[in-house]
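Architecture at a glance
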Amino acid sequence: MNRRTFFYSCSFSAAAVVFTGCDKTSKKSDKATSVIENTKNIAIDNFEPFTQKLKIPKVIDFEHIAKAKFNAQKSLFPIYDGKKTDVLTFQDELPNPTIRIKKDDDFELDFINSLEKPTIIHWHGLLVPQEMDGHPKDAIATQMTKEYRYKINQRAGTFWYHTHPHGRTGEEIYYGLSGLYIIEDDDEKALNLPSGEFELPLIIQDRRFDKEKNLIYKETPQDNNGVLGDVIIVNSTPYPYTNVKNTKYRLRILNGSSARTYKLAFEGIEDFMLIGTDGGLLEEPIIVKDLLIAVAERIDIIVDFKDKKVGESVTLKTLGFKEASNFITNPAYPNFGAKMDIMRFKITELSTENSLQIPKKLSTITKMKASDASKNRVITMEIIEGGIWTLNKKPYDMHRVDERVKLGSTEIWEIKNSAHMAHPFHMHGVHFQVLERTSSIDFPTDKGYKDTVLVMPLESVRIIVKFTIPGLFVHHCHILEHEDHSMMANFLVE
Ligand code: C2O
Ligand code: CU
Ligand code: CU
C-alpha cells in the first residue's frame, strides 16, 4: 500500500473528539459493580462477551522496510463491532501496528503530530539517546514532524511505545496512542520458542463506554487517583475470543491500562510459565498459577492448551488485586479488587506440533550486587496538599533537574511509598534489577530486568541501576493520572 495515500486520504474530519473531562455525574449505577461480582462485568446492555474476534496488530517489520511513518490523528474506529467511536491513532486504525526490529538494526520513523496540541512519542523500555527518548519537554507542535533515528542496542524483549506530552499522557493513551515494540536477536531465535501463529501479542486495557458505545475518560475528581474501567479491551477489542490449537502459545502481554493492576490466571488451566519480563528473557522459566502485571509492565509467558479438547475453551481473567489500594476510586466502576474476565481462547483444532519444548536455560542475567553501587538515593511517593501526587513532595517541573547521576555509575534507588495505594515506578533510559522489597507479596517478575516495578502501599523497594546513557530522562509513577498530575521527576546523567 502506498503509505502517503494512506496517511493523507484519511479524514481529519472525524467529528471533534470531545474531551470534556469531569463534567459527567456518575450515572452508571451499581449495576456495573454487581455484574462484576458475577464476573460477567459487561457494562453495556445486550453485549455478549467473547463474540468479537481478537484483532492482531499489523506488523511493521524493519527486516522488510527501512523507514516508517506515524501520524498522530483523530480517527473513527469501531471498538464495538458496528459502532464507530472517536479515538486517536497513529495510522488511522486500531490496534496500532506492532514494531518488530532486530538488535543492531537501524530504526527510522517520521512522526507527524496532527493533533491539536503538542505531543511526542516515547519508546518505553528502549535504551536510546536522550533526544530520541521522547521526553515531555521535546513535544512537537501541531503539524510538526520529528525524525526518530537510532540503532537498537539491547537484547530481545517486549517493549512498547506511547505518546508522552506533559499532563496529557493519560488521555492520549486512553483514546488509543500506544502500541507494541518487539526486539528480536539471534540468542532468542536459537531457543525456538513458539512463533508465527503461536505467538500472540495482547495489550490489556480497561475502558469506559457510554450507552452509545463511545469511549469516556475522566468523570469525577476521584478519577485523578486512577481511571478504572468496567470493560476490558484486548488489542482494542472488548472481551475478545481467539481460536487456538491444543498446543503451546507464547503470549507477550502488556498492561496498557491507566491504573489497574491485573492478577492474571487462566480458568481451566492450572499453571503457566513466565519466561520474560520488561527487559527480556529470564534466566530460566518460572511456573506460576497467577501473575501480577501492573501498568506498563510486560510479561512474556507460555501457556499450554495440550490437555484441552476441540470445542473446549479457556478464559483469561484477573483475580482482582485489592491489596493495590484502599484509595477511593470512582464508585461507579469496579475497583482494584474486582475479578473480571479478559478474553477467551477457543480450542478449535488439534495440533500436530505438541513436541516443542521450552528450554530450561533461556538467557544469562548478570546479577548486580549492592556493593557495585556508589550511591544510594531515596525517592518518596507521596500525596501532598490539594491531592497532588508527587515524588519527593515536588510536583513535576519539566525543566528542573531533580537527580544528578554520574555517567557509568551504578546506584541503588530506594523507592518509598508512603501512600495507601500501590504505584508502578518507571525509569526511562535504563533497565534495573530489584534488590529487595519490604512486602511479602511474591513478584516472580522481580527476577528479570525491569523498567517498571510495582511499589506496594507503605512499601520500600530497593532497585539497582547502572546509568549508561548521558542526558536528561524522567522517572515517574506509571499510573497515567498520577504521572500527569504530577508524580514525575527528571534525572540528568552526566
Ligand atoms: Cu511508558 Cu515515561 O513511560
Ligand atoms: Cu518509559
Ligand atoms: Cu502513582
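Keep in mind that what you see is a predicted model, and the values were worked out from it rather than measured.

Take the confidence of the model for the chain next. Of all residues in the chain, 91% have pLDDT values of 70 or greater, and the mean over the chain is 91. Overall, residues 1–42 carries pLDDT values under 50, and its contacts beyond four positions in sequence, including any with other chains, amount to 79 contacts.

A separate point is the pairing of strand β22 (residues 340–349). The pairing of strand β14 (residues 241–245) with β22 spans five bridges and is parallel. For Tyr241, the partnering residue across the bridge sits in β22 and is Arg344.

Here the focus is the packing of aromatic side chains. Within the structure shown, the criterion is met by 26 aromatic pairs. The interplanar angle of 85° and the centroid separation of 5.0 Å between the aromatic rings of Tyr80 and Phe209 together place this pair among those described as edge-to-face. Separated by 129 residues along the polypeptide, Tyr80 in strand β2 (residues 68–80) and Phe209 in strand β10 (residues 199–209) bring together distant segments of the chain. Relative to Phe491, the ring of Phe467 lies with its centre 5.6 Å away and its plane at 70°, an arrangement referred to as edge-to-face. Here the residue Phe467 occupies a position in the loop between β30 (460–466) and β31 (471–477), and Phe491 occupies one in strand β32 (residues 488–493), the gap between them amounting to 24 residues. Under the relative-accessibility criterion, Phe491 is labelled buried at 1%. Ring-pair connections join several aromatic residues into one group, and the members of that group are Phe62, Phe70, Phe90, Phe107, Phe111, Trp123, Tyr148, Tyr150, Tyr161 and Tyr181. The ring of Tyr148 has Lys146 sitting right over it, with the charged end atom 5.3 Å from the ring centre. Geometry around Tyr333 places Arg208 over its ring, the cationic atom sitting 3.9 Å from the centre.

The next subject is the domain arrangement of the chain. Annotation of the chain at the domain level lists domain 1 (52–184), domain 2 (196–349) and domain 3 (370–493). Taking only C-alpha atoms into account, the centre of domain 1 sits 21 Å from that of domain 2. Listed as interface residues are 33 residues of domain 1 and, on the opposing side, 41 residues of domain 2. Together, the buried faces of domain 1 and domain 2 total about 3,200 Å²; carbon and sulfur atoms form 61% of this surface. In terms of surface lost to domain 2, no three residues of domain 1 exceed Leu54, Tyr80 and Tyr174, which account for 26% of the buried area on that side. Linking domain 1 with domain 2 are one salt bridge.

A few words now on the coordination of the copper ion (ligand 2). Coordination sphere of the copper ion (ligand 2), protein contribution only: His122 (NE2) and His426 (NE2), at 1.9 Å. Here the residue His122 occupies a position in strand β6 (residues 121–124), and His426 occupies one in strand β27 (residues 423–427), the gap between them amounting to 304 residues. Using a relative accessible area of 1% as the deciding quantity, one classes His122 as buried.

In this section: unusual backbone geometry. Residue Pro95 is reached from Leu94 by a cis peptide bond, and omega for that bond is -10°. Considering the arrangement of structural elements, one finds Pro95 in the loop between β3 (83–89) and β4 (98–102). Here the amide bond leading from His485 into Ser486 is cis, since omega sits at 10°, within 30 degrees of zero. Tracing the backbone shows Ser486 in the loop between α6 (480–484) and β32. You will see that Asn192, though not glycine, has its phi angle at about 55°, which is positive. Structurally, Asn192 is set in the loop between α5 (186–189) and β10.

The two faces of β6 match: Ile121 and Trp123 on one face and His122 and His124 on the other face are all buried. For β6 and strand β8 (residues 157–163), the ladder comprises four bridges, and the chain directions are antiparallel. If you follow His122 over to β8, its bridge partner there is His162.

Basis of the calculations
- Residues numbered from 1 in each chain as written.
- Chains lettered and ligands numbered in written order.
- Predicted model: local features only at pLDDT ≥ 70, side-chain atom pairs only at ≥ 80, totals over all residues.
- Heavy atoms only, no water.
- pLDDT = per-residue confidence, 0-100.
- Contact = heavy atoms within 4.5 Å.
- Pairing = 2+ DSSP bridges.
- Helix = DSSP H or I, 4+ residues; strand = E, 2+ residues; numbered from the N terminus.
- Phe/Tyr/Trp six-rings, centres within 6.5 Å; stacked < 30°, edge-to-face > 60°.
- Buried < 20%, exposed > 50% of the residue type's maximum accessible area, 1.4 Å probe, protein only.
- Lys NZ or Arg CZ within 6 Å of the ring centre and 35° of its normal.
- Domains from an automatic or database assignment.
- Buried area = accessible area lost by both parts, 1.4 Å probe.
- Salt bridge = Lys/Arg side-chain N within 4 Å of Asp/Glu carboxyl O.
- Donors = N, O, S within 2.8 Å, 3.2 Å for Na, K, Ca; no water.

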